[in-house]
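# Residue-level structural notes
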Amino acid sequence: MPAALSRNLTTMPKPTSQIRAICLLALMSLLAATACRSTASLPAASLADGPAPSAGTEARLRSDIAYLADDAREGRETGTPGNDSSAAYLARRYAGMGVPSPLPGADPAACRLDVAASACVNGYLQHFSSRSAADAHSGRPARSTQNVVAVVPGSDPGLRGQILIIGAHFDHLGRSTDGALDPQAGDAIRNGADDNASGTAAVLELARRFAAHPARRTVMLVNFTAEEQGLLGSAYFAANSPLPLDSVQAMMNFDMVGRLRNDRLIVYGTGTAAALPDILESANSPTNGDPALDLSPVPDGYGPSDHSSFYARNIPVLHFFTDVHDDYHRATDDAALVNYAGIVRVVDYAERVARNLADRPDRLPVIAATQPAPVAGSARKSGGDVYFGSVPDMGAGTGKGMHLSGVTPGSPADKAGIRTDDIIIEFGGTPIDDLYSYTDALRSHKPGDSVKVVVLRAGQRLEMTAVLVARGDR
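We now turn to the structure provided with this report. (Residues numbered from 1 in each chain as written. Predicted model: local features only at pLDDT ≥ 70, side-chain atom pairs only at ≥ 80, totals over all residues. Heavy atoms only, no water.)

Here the focus is the pairing of strand β12 (residues 423-427). Summarising burial for β12: 4 of the 5 residues are buried, a large majority. Examined bridge by bridge, strand β11 (residues 402-407) and β12 share 2 bridges and lie antiparallel to one another. By the bridge assignment for β12, M402 is matched with I424. Judged from the 2 bridges that link them, β12 and strand β13 (residues 430-431) form a sheet pairing that is antiparallel. From the neighbouring strand, E426 faces β13, where its bridge partner is P431. Counting the residues between successive antiparallel strands, the hairpin from β12 to β13 contains 2 residues, one of them, G428, with a positive phi of roughly 60°. (Buried < 20%, exposed > 50% of the residue type's maximum accessible area, 1.4 Å probe, protein only. Helix = DSSP H or I, 4+ residues; strand = E, 2+ residues; numbered from the N terminus. Pairing = 2+ DSSP bridges.)

Pasting the structure below:
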């Protein structure tokens, strides 16, 4: 999840309806022709980079996360060789599944045994330059980077012109302390196994399943870069989609799905279309001996991840998320800590939701937001440079206060006596209604300030005093 959420999600113009129609017709003709290509015609390199096709779901997820979160990728920061090699890996994985790309200029014939693997890889990459607010403020130049795009054509001639987007960001912080919650670790590699190799691996697995059994609608798979810079990759894609966004049924986003605990899955965007709550509930059933998931629906379609770029363009969205944890945006977010069996459960559930969205006969009318997207991201979670140590429950309802899913040991919150499941209702004299008002209250203070914190604990009002510290201190 990003350090900041850009407000400028709708500044680039959309193509005209005539151009969109022409592009859609041409691209769908291309996709129909390429959908039946045999993977035997793909370059050997593209077939060797992923797990064997016969491997089980968990083994495939482990293999993909192991590659992306390996120290060799140095944390996949946007504009670095590790990010570029990760994009190339994703392109080769799609090619190895026989899933083509819809990007203009992509030549499916490039994926031949007698053509260099780079020719095939480049057909999947949407190149652009990104420059975050932090880069601009620091005088750093724009970064050359790329999204990765693939598509599984729909099986129904009457519906394949409509699209379900399934996406996840693959970038992370790398060695940068920008947005890191452990600045004291300096230039240590922050591998981002959960954030967001986990969501990237989930999208790859869903791509494999839809390639094997296509849906009625077309499914477009997108791996975004520059999410940690402020959703720049998804904002660029939404403004430059190779298929028209007015044909999109919905967008499903996966960001941090690698730490399933107590069967609890948070789903943002449940209020962006009237049918979504019933779709989510009907897909949630016990499977393979596991209980049904404990769903925590959040109606808001905006939030600190890439689905916001699509909801800003009036597209229904769902964002799957297994909550923050103590390794978030730290060098300790490694592959060994991922709950792989948990990701399998999330993928299995998400596939049922996706097939409902992709196969249902009707379009989903969007429920537009009544207010603009809030500024969000790690600054919204952490309060910038001042540190308290509370872990917000990102799936909590809209009742008064901010519910806590945890408290960091040794933090000012812990020392003040704040506990897991407390609900903060006042911070430094400011009433707290939700995560956003809490963050604004926290950011109004500085390290060393002594603040009164009022919480509800099992219905009882309690007052405590905490001394704030600088981020990275205890």
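The rest of the description comes next.
To continue, consider unusual backbone geometry. Here the amide bond leading from D195 into N196 is cis, since omega sits at 5°, within 30 degrees of zero. Tracing the backbone shows N196 in helix α7 (residues 193-212). In this model, D323 sits at a positive phi of 90°, which is unusual for a non-glycine residue. Of note, D323 is situated in the loop between β8 (317-321) and α11 (340-359).

Tracing the backbone shows S198 in helix α7. Note on S198: relative accessible area 0%, which makes it buried. Once residues within four sequence positions are removed from consideration, S198 is found in contact with I65, A193, M256, V257, G258 and I343. (Contact = heavy atoms within 4.5 Å.)

One pass over the full model with this rule turns up 24 salt bridges. Taking the shortest distance from any N to any O, the salt bridge between E58 and R62 comes out at 3.3 Å. Here the residue E58 and the residue R62 both occupy positions in helix α3 (residues 57-68), the gap between them amounting to 4 residues, near one helical turn. E58 sits in the partly exposed class, given a relative accessible area of 32%. For R62, a relative accessible area of 42% puts it in the partly exposed group. For D422, the salt bridge is made with R457, and the minimal N-O distance between the two is 2.8 Å. Of the two residues, D422 sits in the loop between α13 (412-416) and β12 while R457 sits in strand β14 (residues 450-457), which places them 35 residues apart along the sequence. What makes R457 buried here is its relative accessible area of 18%. One network of salt bridges, with partners in common, ties together R60, E205, R208, R209, D348, E351 and R355. (Salt bridge = Lys/Arg side-chain N within 4 Å of Asp/Glu carboxyl O.)

Quick look at the packing of helix α9 (residues 276-283) against α11 now. The N-to-C vectors of α9 and α11 enclose an angle of 135°; their axes lie 9 Å apart at closest approach. The orientation of α9 with respect to α11, classified from their angle, is oblique. Every pair of crossing elements has a handedness; the one defined by α9 and α11 is right-handed. For the pair α9 and α11, the contacting residues are L276, I279, L280, S282 and A283 in the first and Y349, R352, V353, N356 and L357 in the second. A breakdown of the residues in the contact of α9 with α11 according to their chemical character gives 7 nonpolar, 2 polar and 1 charged. (Axes fitted to C-alpha atoms, helices over the stretch in contact; angles between N-to-C directions. Parallel < 35°, antiparallel > 145°, perpendicular 65-115°, else oblique. Left-handed = near helix turned anticlockwise from the far one by under 90°. Nonpolar A, V, L, I, M, F, W, Y, C, P; charged D, E, K, R; others polar.)

Turning to helix α4 (residues 81-97), a few remarks are in order. Between its terminal C-alpha atoms α4 stretches 24 Å, which fits the 24 Å expected from 17 residues at 1.5 Å a residue. Judged by how many residues are buried, α4 sits mostly within the fold: 13 of 17 residues are covered. (Expected span 1.5 Å × (residues − 1).)

With that settled, the discussion passes to the sheet that holds strand β4 (residues 218-224). Pairing is mixed across the open sheet formed by 8 strands, whose spatial order is β1-β2-β4-β3-β5-β8-β6-β7. This sheet does not close on itself; its edge strands, each paired only once, are β1 (125-130) and β7 (294-298). Strand-to-strand twist in this sheet, taken as the mean axis angle between neighbours without regard to direction, amounts to 20°. The strands touched by helix α8 (residues 232-239) within the sheet are β1, β2 (143-152), β3 (163-169) and β4, with β1 carrying the most contacts at an inclination of about 115°.

Now for the pairing of β8. Burial analysis of β8 places 5 of its 5 residues in the buried class, the great majority of the element. Along β8, one buried face is formed by V317, H319 and F321 and the opposite face, lined by L318 and F320, is buried too. As paired elements, strand β5 (residues 248-254) and β8 share 4 bridges and run parallel to each other. Bridging from a neighbouring strand, N253 pairs with H319 of β8.

Once that is clear, we can look at the environment of N223. Take N223: it is sitting in strand β4. The exposure class of N223 is buried, given its relative accessible area of 0%. Sequence separation between N223 and L204 is 19 residues; the distance between their C-alpha atoms is 9.3 Å. Of the polar contacts made by the side chain of N223, one reaches the side chain of Y94; its length is 2.7 Å. (Polar contact = N/O pair within 3.5 Å; in protein donor to acceptor, adjacent residues only side chain to side chain.)

Once that is clear, we can look at the packing of aromatic side chains. With the rule as written, the count across this model stands at 13 aromatic pairs. A ring pair is formed by F224 and F237, whose centres lie 6.1 Å apart and whose planes are at 75°; its orientation type is edge-to-face. Residue F224 is found in strand β4, and its partner F237 is found in helix α8; the two are separated by 13 residues along the sequence. On the basis of relative accessible area, F224 is assigned to the buried category, the value being 0%. (Phe/Tyr/Trp six-rings, centres within 6.5 Å; stacked < 30°, edge-to-face > 60°.)

Below, the discussion takes up the packing of α4 against α7. At their nearest, the axes of α4 and α7 sit 10 Å apart, and the two run at 15° to each other. When the axis of α4 is compared with that of α7, the two are roughly parallel. The way α4 lies across α7 gives a crossing that is right-handed. Along its contact with α4, which presents L90, R93, Y94 and M97, the element α7 presents T200, V203, L204, A207, R208 and A211. The residue inventory of the contact of α4 with α7, partitioned by class, reads 7 nonpolar, 1 polar and 2 charged.

By the element assignment, L435 lies in helix α14 (residues 435-443). The exposure class of L435 is buried, given its relative accessible area of 17%. Along the sequence, L435 and H403 sit 32 residues apart, while their C-alpha atoms lie 8.6 Å from each other.

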